[in-house]
Amino acid sequence: MLDNTRLRIAMQKSGRLSDESRELLTRCGIKINLQQQRLIAFAENMPIDILRVRDDDIPGLVMDGVVDLGIIGENVLEEEVLTRRAQGEDPQLSILRRLDFGGCRLSLAMPADSVYTGPECLDTKRIATSYPHLLKKYFDSKGLTFKSCLLNGSVEVAPRAGLSDAICDLVSTGATLEANGLREVDVIYRSKAVLIQRAGELSDDKQALVDRLMTRIQGVIQARE
Ligand code: PRT
Ligand code: ZN
């Protein structure tokens, strides 16, 4: 087992959040060598261990108390919270801070030539997505239903492949939608990276370290504004 006296922070190993997560921690003064392909990196100058994992695992690691902090996209966090609630659990964690990177939107998109006058156009239609619970929450709020086509990749090809009428996927520039002949018709959720903390009290030493990190993060983000 890892040393439980050291603060454990989970971040994405490789992907859209990993560079900026690492940069944020580095700018907070944490000296850490992430060069090696290792799951755990130990900070040299503070009692902190960095766990580098798939982003999808981070909310669960925090909710289950395996790590103390995590850096994760709100989209992945909210989907995991809704998934656990649907399974009858009551997931607990706190959001310490919204960060200034990882911005994207979860949007509905349809073939470019289709007519869209509102979400009711998609009532009872088949929609491909990796975010079925966020999509259901949106449709529920409108009193609508949809048929799910769950894909954890290549969502944008589903309409062309005849698998779905529309998609619900993350968008940043819109280039992927355009390249696949799709048009963004509605934004259902706006996301950024967030710093989250597990439920339950931290030891006094860990809490003091988190307080210090929060002050530094505040300074780093303010300096970039
Ligand atoms: O391997 P691992 O599971 O850790 O990574 P992943 O492949 O699941 O996730 P990754 O690295 O792609 O994204 C991590 C997080 O970055 C997401 O959960 C979001 O919070 C955030 N983010 C920000 C994005 C985007 N922007 C984004 N554009 N995540 C994905 N995309 C994809 C989108 O799915 C689509 O395929 O980029 C494409 C669209 O981009 P544009 O610019 O063409 O619109
Ligand atoms: Zn992922």
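Everything quoted here is computed from the prediction, not taken from an experiment. (Residues numbered from 1 in each chain as written. Chains lettered and ligands numbered in written order. Predicted model: local features only at pLDDT ≥ 70, side-chain atom pairs only at ≥ 80, totals over all residues. Heavy atoms only, no water.)

Concerning the packing of helix H1 (residues 18–27) against helix H6 (residues 204–224)
Direction vectors running N to C along H1 and H6 enclose 115°, while the axes themselves pass 9 Å from each other. Classified by the interaxial angle, the pair formed by H1 and H6 is roughly perpendicular. H6 is crossed by H1, and the crossing has right-handed handedness. Listed contacts from H6 to Glu23, Leu24 and Arg27 of H1 are Ile217, Val220 and Arg224. In the contact of H1 with H6, the residues fall into 3 nonpolar, no polar and 3 charged. (Axes fitted to C-alpha atoms, helices over the stretch in contact; angles between N-to-C directions. Helix = DSSP H or I, 4+ residues; strand = E, 2+ residues; numbered from the N terminus. Parallel < 35°, antiparallel > 145°, perpendicular 65-115°, else oblique. Left-handed = near helix turned anticlockwise from the far one by under 90°. Contact = heavy atoms within 4.5 Å. Nonpolar A, V, L, I, M, F, W, Y, C, P; charged D, E, K, R; others polar.)

Observations regarding the coordination of the zinc ion (ligand 2)
Around the zinc ion (ligand 2), the protein supplies Asp55 (OD) and Asp56 (OD) as donor atoms, at distances of 2.0 to 2.1 Å. Note on Asp55: relative accessible area 17%, which makes it buried. (Donors = N, O, S within 2.8 Å, 3.2 Å for Na, K, Ca; no water. Buried < 20%, exposed > 50% of the residue type's maximum accessible area, 1.4 Å probe, protein only.)

Digging into the confidence of the model for the protein
For the protein, the mean per-residue pLDDT works out to 96, and 98% of the residues sit at or above 70. If you check the scores for this complex, the pTM reads 0.97 and the ipTM reads 0.99. (pLDDT = per-residue confidence, 0-100.)

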